[in-house]
Amino acid sequence: MANMNELANLVKELEEQLVTCIRCGMCQSVCPLFEQTRKEADVARGKLALLTGLMDNIFSDPDGVNERLNRCLLCGSCAANCPSGVNVLEIFIKARAILAEYKGLSPAKQLIFKKMLANPGTFDTLVAWAGKFQGLFAKPDDNAQGTSCARLVSPLLADRHFLPLAKTPFHKEIPKDGFRKKGKKLKAAIFTGCLIDKVFPNVARSAIKVLDHHGVGMSIPAGQGCCGIPALASGDRETFTRLVDHNLALFRQERFDVLVTACATCTSTIKKLWPSVYKDASSGVKEQLTELAGKTMDINQFIVDNVAPELSEAGATPDQAAEVVTYHDPCHLKKSLGVSAQPRALVRAAGCNLKEMSGSDKCCGMGGSFNVYHYDLSASIGQIKQENIAATSATTLATGCPACMMQISDMLAKGKANIRVRHPLELYAEHLENTNR
Amino acid sequence: MITKAIVDRLKEIVGPENVLTQREDMLTYSYDAAVLDAKMPAAAVMPGNTEEIGDVVTVCHENSIPLTVRGAGTNLSGGTIPENTGLVMLTGRLNKIIEINEADMYAVVQPGVVTATLAAAVEAKGLFYPPDPGSQAVSTLGGNVAENAGGLRGLKYGVTKDYVMGLRFFDARGNYVKTGSRTVKCATGYNITGLMVGSEGTLGVLDEITLKLIPAPAARHSLVAVYDTIDQASETVAAIIAARIVPATLEILDNFTIRAVEDFSKAGLPVEAAALLLIEVDGHPAVVKEEGEKVEALCKKMGAASINVAQTDEERDKIWAARRSALSALAKLKPTLVLEDATVPRSKIPDMVKSLQEIAERYQIDIGTFGHAGDGNLHPTILTDKRNTEEFHRVEAAIEEIFDRALALGGTLSGEHGTGIAKAPFLEKEAGYSSILFSRQLRAALDPKNILNPGKITGVSTD
């Protein structure tokens, strides 16, 4: 391993961002992980201090810092609440990349990211095969969430209630050369996202129904890849860059006014991380990414703000007899992008009786790979969410992020709550279908 | 020295998962919110109950290990910066509200309960715990007691010391001490409770705190007065006090702070104003109405260019959100922020405000001034970059001059942040040598091995 001095120099890239933390400690009030463990290394201030320590070359190896840096949901609650405006997420993402590049990725991550995720075609095929065999190792729970749990005791799956892969992923439902439809005025390109494509294709179908209903033109290029966040969160900037290049090339061939996604995490990644973390500054790609980021919007926000502003007034006096729905704010929508009113407007416009839960903007505990490596902590955080949902007596939980949908489905299944989990778009699309019938 | 045998003993006491010794974790307990050099401890423990606290203190006593208790680590005077050979005791697991007694209006809490959590819990019962330090969303009540924390409501409602009825703590030898009572009056023994409040962890380790609660005020009335000169604003403060009116809060923002807040929050503050006063009176609706009118008339008389009265709760919230964002807004301007809290008798506010302007000018540094003008506790906030050593020397010289001016006006070095490490070298200027000596003798008698948060208040660290 190269010497720690070299690593210290690499971390210096972050110095100007690191010095903005004044150690006030306000991040402790909002960090979902700190709430569980009460350990300073688990909260942003502690992690920023550790990175400063790395920069000052006070450690003999990087492993301890690396391990602690990875114990983070990347939910951004700290950044949203930071008096000094420290750009915590960007710092952590870049630091993870610096450390991974210095240490090298683990063999498992190399296989997953470089051999699979980086090649969208291969990834799709592998997932399709997995879908065919999933019945062998998982059994359906027969509950409102439609989750499964492991048939055999497996250390990887533990007692998770996971959602099965869709029988047919969304990209198989559209023409081989992509889906395009003319509209009246605005034209939206849709970035599908892996989870929607492979686990929640109905969200993509709902997006098409809703946009079509409002006369929005659409374009969904074929062969889309992952937005890159799983690789980036593990510090694999190379795979991230390949995926960004791949997706950028696809969308540059399309003409559209707005790029929309129904996945909060994809939107936030495209808007914030594509331009800021992409490394090659000389190629002009950064400018293209900045331009694309400017055109990228959460789909709930696009529909309510740009397409049908009348929806923001809909359902002001809800039918008390209507289905009670509660809404969970995905961190990547509310804290990262400031979108919270629009998905709620869609839920109301769907004729539902929206009832707020306490702590609707508290993280669900998913955090992508955090859930994989720290399932116990992820589940304790998720349990708070499950209890808050159950306390509303809602029969449906709506949320604008498929990753939150997975985590909350697992938590609700565990709590044996008879509550289904839907994207606001699904509720609104169902409502449009029922009223047009 | 914390040997492996001692670490093993600590693990037996609190469980292995609650003892930290890795260098990385030690780094995260080496600092607090004060701009001071960090110091890594040798180990950290998280006890979960009274017995565990006592056993940890005993281990420290038997092995002469320096012990620093840490709550949220938001201290602004370095009170939670440990010794290199020492142990840090974390209060994160001691976060239970043991009792809220509505009939007798008190609460009993463990030291790790967050201030805002208690405030919300008592508010839900129609009661009121007034001390509201700026860090209340994260600060712990144990820390508030140890530092005698203040807040925005000091003027009318006092500070933490006015609400501590009783304490239970371990002394340096690990003996369990009970002080005070759950009664309004208590005249037995020494007033050890009073001695413990603000003792910064140098006299004992808190286990349980009994806090006084009061009925929540029935009505509130908030207003903002805009001034063309800061002198008019500070003279208004003196005039309100002279008129025998005691607002719940009486805060000042100078032009530098107004601009920073407006840049940050776009709240619609008048950026041309030299100063703003934010004032709230509370209490019985009839009194609130009368006092509100008197305050308005006084502001006008002292030359306020305009006055904005909050008509709704939202407008009121907006005023206080602007005030609460002052530190945040200033913090964004430069990498290092030094928040001072030198305090003067409230009638001397106009002189102190003038002094701060002169000091900023003389040392060529940026000072934003805001704070609790009504109780004489201003927060001159110096914006700098610690990496610029030349400028930082000027900052240090300016701070010393702020201390001197405050003392010359009959004030104190610290209204609410405590002595800690930051102000220990200057304490003699304020109190004189005999009172330092008295304090040292007191400490030496109670803590002969000097293990309880050494180096704080009375000076000189052991390493």
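None of these values were measured; they are calculated from a predicted model.

Draft legend 1. Summary view of the packing of helix α4 (residues 44–55) of chain A against helix α5 (residues 63–70) of chain A. All names here are of chain A. Where α4 contacts α5, the two axes come as close as 10 Å, and the packing angle between them is 155 degrees. Taken as axis vectors, α4 and α5 run roughly antiparallel relative to one another. The element α4 and its partner α5 pack so that their crossing is left-handed. Listed contacts from α5 to Lys-47, Leu-50, Leu-51 and Leu-54 of α4 are Val-65, Arg-68 and Leu-69. Here the contact of α4 with α5 is composed, by residue class, of five nonpolar, no polar and two charged.

Draft legend 2. A look at the interface of chain B and chain A. With 30 residues of chain B at the interface, the matching set in chain A holds 30 residues. Buried surface at the junction of chain B and chain A, summed over both partners, amounts to about 2400 Å²; 58% is from carbon and sulfur atoms. A per-residue breakdown of the area chain B buries against chain A is headed by Glu-24, Tyr-31 and Arg-387 of chain B, which together make up 23% of the total. Seen at the junction of chain B and chain A, the total is four salt bridges. Taken together, the links from chain B to chain A amount to eleven residue pairs in polar contact (both at pLDDT 80 or more). Within the residue set of the side of chain B that touches chain A, elements represented by two or more residues are α2 (23–28) and α12 (326–331) of chain B. In terms of residue count, α2 of chain B provides more of the side of chain B that touches chain A than any other element does, five residues in total. Partitioned by chemical class, the residues of the side of chain B that touches chain A number 13 nonpolar, nine polar and eight charged.

Draft legend 3. Representation of unusual backbone geometry within the structure. Even without being a glycine, Asn-57 of chain A presents a positive backbone phi close to 55 degrees. Looking at where Asn-57 of chain A falls in the secondary structure, it is placed in the loop between α4 and α5. Judged by its relative accessible area of 32%, Asn-57 of chain A falls in the partly exposed class. The phi torsion at Asn-148 of chain B lies on the positive side, around 50 degrees, for a residue other than glycine. Tracing the sequence through the fold places Asn-148 of chain B in the loop between α5 (141–147) and α6 (154–157).

The rules behind the values
Residues numbered from 1 in each chain as written. Chains lettered and ligands numbered in written order. Predicted model: local features only at pLDDT ≥ 70, side-chain atom pairs only at ≥ 80, totals over all residues. Heavy atoms only, no water. Axes fitted to C-alpha atoms, helices over the stretch in contact; angles between N-to-C directions. Helix = DSSP H or I, 4+ residues; strand = E, 2+ residues; numbered from the N terminus. Parallel < 35°, antiparallel > 145°, perpendicular 65-115°, else oblique. Left-handed = near helix turned anticlockwise from the far one by under 90°. Contact = heavy atoms within 4.5 Å. Nonpolar A, V, L, I, M, F, W, Y, C, P; charged D, E, K, R; others polar. Buried area = accessible area lost by both parts, 1.4 Å probe. Salt bridge = Lys/Arg side-chain N within 4 Å of Asp/Glu carboxyl O. Polar contact = N/O pair within 3.5 Å; in protein donor to acceptor, adjacent residues only side chain to side chain. Buried < 20%, exposed > 50% of the residue type's maximum accessible area, 1.4 Å probe, protein only.

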